[in-house]
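Structural characterization, general
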Amino acid sequence: MPPPVSEGRIARGRLAIVLTIAVWAGYLAYTVFEQFIVGKANTARLAVEAIVYMLVITALTASAMAYLITRIGFFYRSRSHRRAPRIALDPFLAGETPAVTVLVPSYQEDERVIRTTLLSAALQEYPDLRVVLLIDDPQQPRTRAARDMLLGARALPGAIEAELAVPFTRVQAAYERFEQGYGDTRTVTLGDMRALAAEYRFAAGWLYGLGRRQEMVDHTDVFFVEHIVNRLAGDLGTIAGALEQGAEEEATVPAERLVQLYRRLLAIFGVSVTGFERKRYVSLSSEPNKAMNLNSYIGLMGGSYQEVSTPLGVALVSARPGRAQLTIPNPDYVLTLDADSVLLPEYALRLVHLLEQSAHARDAVAQTPYSAFPGSATRIERISGATTDIQHIVHQGMTHYGATFWVGANAVLRKKALDDICEVAFEGDWEIKRYIQDRTVIEDTESTIDLGVHGWTLYNYPERLAYSATPPDFGSLCIQRQRWANGGLLILSRLKDQFRAKSGRGQKNRFGELFLRVNYMASIFWSSICLVIMLAYPFNADLLNPVLLLVSVPYFMMMSADLKHLGYKRSDVLRIYGFNLILLPVNLSGSFASLLQLLTGEKSQFKRTPKVRNRTTAATSYLIAPLALIALCAYTVVRDVQLHQWSNLAFAVINLVLSLYAMIAFVGLGNTVVDLLTHVRDWLYRPVTAKRKPAITAKHSAKAGATPAAGGHAEARATAGAIGDWASVLHYGGEAGSAGMVAVRNTPAAPGATRRTAGTGSSSFEEFTFFTVFQPIFDLDSGDVAGYEALTRFADGSTPQGGLAAAERQGLHIDLDAALIRAALASAGTLPDGAWLSLNVSPELLRRTGELAQLLAETNRPIVLEVHDADRADLENLPPNVRIAVDDAGAGYDSLARIEQLKPAFLKLNPAALTEITTSEARQAAIRSLVTFAQSHDCTLIAEGIETAPQRDALLACGVPLGQGFYLGRPAPVERALAHAAN
């Protein structure tokens with residue numbers, strides 16, 4: 001707990017606000033009078049300069065005012081905060097406590113870092129806690145180090161759970177003995193007190209041993225041992241001493257109190273620690289960001305699932321009773337914790353206890369904005385930590401004005417509130433739930449607005465109960481700060497939704513809340529722009545006034561006082577200013593990325609902060625821009641001396657000295673040279689790699705032709721070009737990676753082999769990865785399956801038409817079309833005998849009757865070729881077991897003409913032809929006429945796109961015999977297609 005805030009400190013804070021506003025208003029009034037009334041701004045350029053300069057000063061003053069106002073709010077909250085005593089918390093633990101699940105998202109973290117985080121979560125004084133490590137590492141590591149990190153992360157949950165089971169088992173046995181001993185009368189003996197004291201002594205000793213076993217690498221390990229493990233051990237030892245002293249004095253405590261003390265021990269050590277990897281499952285989002293890692297697991301809460309193999313990989317699907325392989329409880333609260341953060345042992349208990357109070361029933365998020373680990377080893381880590389601790393004050397103060405934002409490093413989230421803001425989308429056939437928005441890389445900020453729109457509030461707990469690591473070098477810090485600066489501008493416009501919803505609920509919108517929220521999301525942008533303008537543009541000397549220094553002096557004086565109270569030096573305020581100067585290009589880069597996403601709609605890439613023990617190379621622009629800033633300040637100093645602009649000279653000298661200091665102290669001249677030379681080397685010497693054309697990918701189903709499976713032998717791989725490569729992959733299955741998955745790779749034809757495609761003479765087939773699904777075609781009268789249509793799904797999203805078009809540009813489209821046919825026939829081997837298979841075929845392959853006949857000769861199954869653009873001559877030499885279907889026909893005259901010309905066995909009505917089929921008598925009459933005409937030419941109609949039962953019934957009434965569509969059966973891999981047809 002921080003010391004109480006004195007009246008003098010509050011008074012000085014108020015005075016700083018008054019002085020800042022007075023100086024700013026006085027300067028604006030003076031400038032307007034001098035420039036526009038006296039007439040010094042007698043040209044358009046001077047008038048624009050005056051207006052811009054006043055806007056710059058106003059924007060910077062607004063940022064300073066936001067800090068001064070929030071610190072006053074922090075003072076008020078810290079003075080009014082009353083910490084709940086243990087006598088109030090222990091009965092809460094002894095009763096029915098809400099369920100809490102701790103989620104720790106992790107991406108390629110050091111095993112030591114994850115272990116520390118998991119232990120801090122597992123040692124929470126909260127009963128029946130579930131801790132889940134959400135491992136987001138790539139499933140197929142490319143390096144040995146990445147593999148070791150993945151294997152280490154997988155092993156950690158079980159190891160930690162087994163480690164904590166030792167004290168838990170002992171305490172649980174002691175508690176059971178105690179319960180059996182006191183019976184209904186609940187009479188406590190001195191022996192009971194000594195037995196409980198012994199358990200507390202054992203638990204304290206076990207914790208001290210855990211601290212001694214901790215690998216001590218840096219100050220974060222020291223903090224974990226001293227402030228979490230040893231402090232908890234000391235607390236338990238104090239209780240043990242109190243119990244022993246009471247027993248010596250022959251004084252007993254009520255049985256209920258001993259039960260509470262036993263349950264506190266059980267709450268500390270009774271925990272379930274597991275791991276989960278969303279990237280194992282194709283049914284979960286693979287978006288590379290923390291938000292979707294959390295969303296994937298939260299979306300599974302409250303369900304039971306089993307693993308099902310699909311052509312794309314393993315999927316999690318809802319399981320029927322008794323068949324579940326994975327059951328995930330639906331907790332009352334979700335505690336999120338970054339993998340480089342730690343929690344003090346009372347974090348979950350105090351925040352959940354708070355949220356259970358009726359006064360906080362509408363709080364969706366309770367958090368304690370994280371602080372930096374004390375005792376940093378590097379100067380940049382210490383100054384960066386100082387800015388983090390200053391932000392703790394800001395966030396606490398914002399709560400006083402109702403402007404709290406969710407800070408994502410740690411938080412207790414009410415699951416009911418998350419369900420309120422859940423958004424459901426689909427990726428292919430898989431349902432994707434979004435609770436935490438990932439449109440921006442500051443996902444917690446947008447989710448704050450979502451919660452506000454739904455009437456939920458947020459709360460910052462006034463104590464420091466969570467600590468997070470700070471990047472130890474300039475390169476990794478740039479990545480973190482660039483991400484922090486990206487996103488606020490994108491969601492700024494959404495504030496109106498929150499305030500409109502608040503007004504609709506009859507709540508009053510306050511200007512203070514709006515001002516602080518806008519400042520939080522946009523001040524990085526406008527402050528950076530304003531500072532660059534002041535540094536770069538030579539404003540008219542008449543605009544420069546020494547009184548301007550008084551605008552910033554209160555801000556810097558108050559921040560220096562806050563730094564002193566936080567354990568830093570007052571002079572660190574100057575170091576922070578220089579630190580922010582060299583971070584100007586980083587902040588501007590993040591802001592411009594927001595604007596670019598706003599204009600293009602393309603989501604910014606989520607860049608994770610590197611967690612390395614050595615140094616991360618900084619981007620070239622983040623090194624050159626600060627050097628250019630230093631050069632600009634030096635030039636400005638020389639120019640101001642020559643022009644005798646002494647007021648501006650002071651500003652330029654301060655910026656020159658502090659930016660130069662920051663570059664030397666926080667980046668290092670040697671590191672700067674090494675990083676720049678590294679970038680030059682990488683630019684000059686690039687490894688030569690084989691050229692790869694863009695992979696043709698697809699997410700949605702589309703129609704593509706298919707033919708019989710190849711019986712295939714190993715030698716076909718070397719002699720049959722692209723088609724032979726497909727055959728061997730389908731036959732042996734080794735290169736596909738999963739059942740049903742097919743891939744074509746760069747496989748040059750063997751010497752002497754002839755290609756059967758037009759165009760170039762060499763094969764350069766790039767990688768196409770896809771699988772085949774089947775949609776049943778039903779007899780509408782009997783409900784039986786008459787046949788199946790083979791459809792293709794590309795693994796990454798493009799349609800087969802797009803794939804064929806791309807292949808055509810390489811002269812390879814016929815090979816690809818043949819591969820699609822061969823894959824479909826190979827996958828259709830288990831379809832029922834007698835069911836015909838409908839395959840789409842391109843006009844080009846249809847005209848190559850020899851190659852097509854060779855493909856189709858490999859199956860005895862009845863085949864229907866669906867054609868889009870064909871002449872009668874193209875159909876004359878097809879095998880006798882092949883029938884023709886004219887695809888995508890309507891109900892008009894053109895369809896009659898095509899029946900007359902092509903003599904097809906089937907005519908397929910496209911979904912557009914079914915428009916108003918249930919209500920339009922004219923449409924029904926047209927289809928009845930088409931049915932009659934087709935029957936007179938031995939042609940059968942198949943209706944596509946049947947979406948509802950009324951459509952099916954209307955078509956059946958019109959005499960249409962066959963149909964397909966999502967209502968009757970969705971496209972699915974062969975196993976699922978057969979199962980659905982059977983049902």
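Conventions used here
Residues numbered from 1 in each chain as written. Predicted model: local features only at pLDDT ≥ 70, side-chain atom pairs only at ≥ 80, totals over all residues. Heavy atoms only, no water. Helix = DSSP H or I, 4+ residues; strand = E, 2+ residues; numbered from the N terminus. Buried < 20%, exposed > 50% of the residue type's maximum accessible area, 1.4 Å probe, protein only. Areas by Shrake-Rupley, 256 points an atom, 1.4 Å probe, with all protein chains shown as cover. Pairing = 2+ DSSP bridges. Axes fitted to C-alpha atoms, helices over the stretch in contact; angles between N-to-C directions. Contact = heavy atoms within 4.5 Å. Parallel < 35°, antiparallel > 145°, perpendicular 65-115°, else oblique. Left-handed = near helix turned anticlockwise from the far one by under 90°. Nonpolar A, V, L, I, M, F, W, Y, C, P; charged D, E, K, R; others polar. Phe/Tyr/Trp six-rings, centres within 6.5 Å; stacked < 30°, edge-to-face > 60°. Polar contact = N/O pair within 3.5 Å; in protein donor to acceptor, adjacent residues only side chain to side chain. Core = buried A, V, L, I, M, F, W, Y, C linked by side-chain atoms within 4.5 Å. Patch = residues over 30% accessible without salt bridge, like charges linked within 9 Å, V, L, I, M, F, W, Y side chains within 5 Å. Salt bridge = Lys/Arg side-chain N within 4 Å of Asp/Glu carboxyl O. Expected span 1.5 Å × (residues − 1). Right-handed = clockwise from strand over helix to strand, strands pointing away. pLDDT = per-residue confidence, 0-100.

1. A word on the overall build of the protein
A count of helices and strands for the protein gives 33 helices and 25 strands. Sorting the 983 residues of the protein into buried and exposed places 53% on the buried side. Working note: accessible area of the protein is about 42500 Å², and carbon and sulfur atoms make up 57% of it.

2. Some points on the sheet that holds strand β14 (residues 457–460)
Pairing is mixed in the open sheet, where seven strands are placed in the order β3-β2-β1-β7-β11-β9-β14. Unpaired on one side and paired on the other, β3 (271–276) and β14 mark the two borders of the sheet. Shown here is a sheet whose adjacent strand axes are inclined to one another by a mean of 20°, direction ignored. Along the sheet, helix α4 (residues 111–122) contacts β1 (100–106), β2 (129–135), β3 and β7 (333–337); its crossing angle with β2, the most-contacted strand, is approximately 160°.

3. Quick word on the packing of helix α1 (residues 7–37) against helix α18 (residues 549–565)
Where α1 contacts α18, the axes come no closer than 7 Å and their chain directions differ by 160°. Taken together, the axis directions place α1 and α18 in an arrangement best described as roughly antiparallel. Crossing geometry of α1 relative to α18 is assigned as left-handed. Taking contact as the criterion, the partners of Arg9, Arg12, Gly13, Ala16, Leu19, Thr20, Val23 and Trp24 in α1 are, on α18, Leu550, Val551, Pro554, Met558, Asp562 and His565. Looking at the contact of α1 with α18, its residues break down into eight nonpolar, three polar and three charged.

4. Concerning the packing of aromatic side chains
Scanning the model with the defined rule gives 19 aromatic pairs in all. Consider the rings of phenylalanine 74 and phenylalanine 75, whose centres lie 5.9 Å apart with planes at 50°: the pair is tilted. When sorted by exposure, phenylalanine 74 lands in the same class as phenylalanine 75, which is buried. Ring centres of tyrosine 555 and phenylalanine 556 lie 5.1 Å apart, and the angle between their planes is 75°; on these two criteria the pair is classed as edge-to-face.

5. Looking at the side chain of serine 528
Mapping serine 528 onto the fold places it in helix α17 (residues 511–536). Taking the relative accessible area as the measure of exposure, serine 528 reaches 4% and is therefore buried. At 2.7 Å, the side chain of serine 528 forms a polar contact with the backbone oxygen of isoleucine 524.

6. Digging into the nonpolar core
Counting 85 residues, the largest nonpolar core has Val131, Tyr200, Leu207, Leu236, Phe269 and Leu335 as its most contacted members. Ranked by the residues each element gives to this core, the list is headed by helix α7 (residues 219–248), at 12 residues. Those residues in contact with valine 131 that lie beyond four places of it in its chain are Val102, Val104, Leu118, Ala121, Ala122, Val271, Ser272, Val273 and Thr274. Membership of the second largest hydrophobic core comes to 64 residues, among which are Ile390, Phe405, Leu584 and Ala618.

7. Quick look at a nonpolar patch on the surface
Taken together, the side chains of Val32, Phe33, Phe36, Ile37, Val38, Ile51 and Leu55 make up a nonpolar region of the molecular surface, amounting to roughly 640 Å² of accessible area. Those elements giving two or more residues to the nonpolar patch turn out to be α1 and α2 (44–80). Per element, the largest residue contribution to the nonpolar patch is four residues, and it comes from α1. Tracing the backbone shows isoleucine 37 in helix α1.

8. Topic: unusual backbone geometry
Phi is positive for glutamine 108, which is not a glycine, with a value near 45°. Positionally, glutamine 108 belongs in the loop between β1 and α4. Positioned with a positive phi, lysine 903 is a non-glycine residue whose angle comes to about 50°. For lysine 903, the position within the fold is in the loop between α30 (893–902) and β23 (906–909). Looking at lysine 903, the relative accessible area reads 45%, which means it is partly exposed.

9. Structural notes on the sheet that holds strand β6 (residues 326–328)
Sheet architecture is open: three strands sit in the order β5-β4-β6, paired in antiparallel fashion. Of all strands in the sheet, those with a lone pairing partner are β5 (313–318) and β6, marking the two edges. Strand after strand, the sheet turns through a mean of 35° between neighbouring axes, direction not considered.

10. A word on helix α27 (residues 813–827)
The terminal C-alpha atoms of α27 lie 21 Å apart, and with 15 residues this matches the ideal 21 Å at 1.5 Å per residue to within 8%. The element α27 is extensively covered by neighbouring structure, given that 14 of its 15 residues are classed as buried.

11. Side note on the packing of helix α3 (residues 86–94) against helix α8 (residues 255–269)
One way to put it is that α3 packs onto α8 with a least axis distance of 9 Å and a crossing angle of 75°. Taken as axis vectors, α3 and α8 run roughly perpendicular relative to one another. Where α3 approaches α8, its residues Arg86, Ile87, Asp90, Pro91, Leu93 and Ala94 are matched on the opposing element by Arg257, Gln260, Leu261, Arg263, Arg264 and Ala267. In terms of residue class, the contact of α3 with α8 is built from six nonpolar, one polar and five charged.

12. Focus: the pairing of strand β24 (residues 940–943)
Across four bridges, β23 lies against β24 in parallel orientation. When the bridges of β24 are listed, leucine 909 appears paired with alanine 943. The β-α-β motif built from β23, the intervening helix α31 (residues 921–936) and the parallel element β24 has right-handed crossover chirality. The pairing of β24 with strand β25 (residues 962–963) spans two bridges and is parallel.

13. Section: the confidence of the model for the protein
A residue-level look at the protein finds 86% of positions with pLDDT of 70 or above and a mean pLDDT of 83. Every residue in residues 692–767 scores below 50 in pLDDT, and together they form 194 contacts with partners more than four places removed in sequence or on other chains.

14. Description of the pairing of strand β13 (residues 430–434)
Inspection of the sheet shows strand β12 (residues 423–427) paired to β13 by five bridges, in the antiparallel sense. Note on β13: the bridge partner recorded for phenylalanine 426 is glutamate 431.

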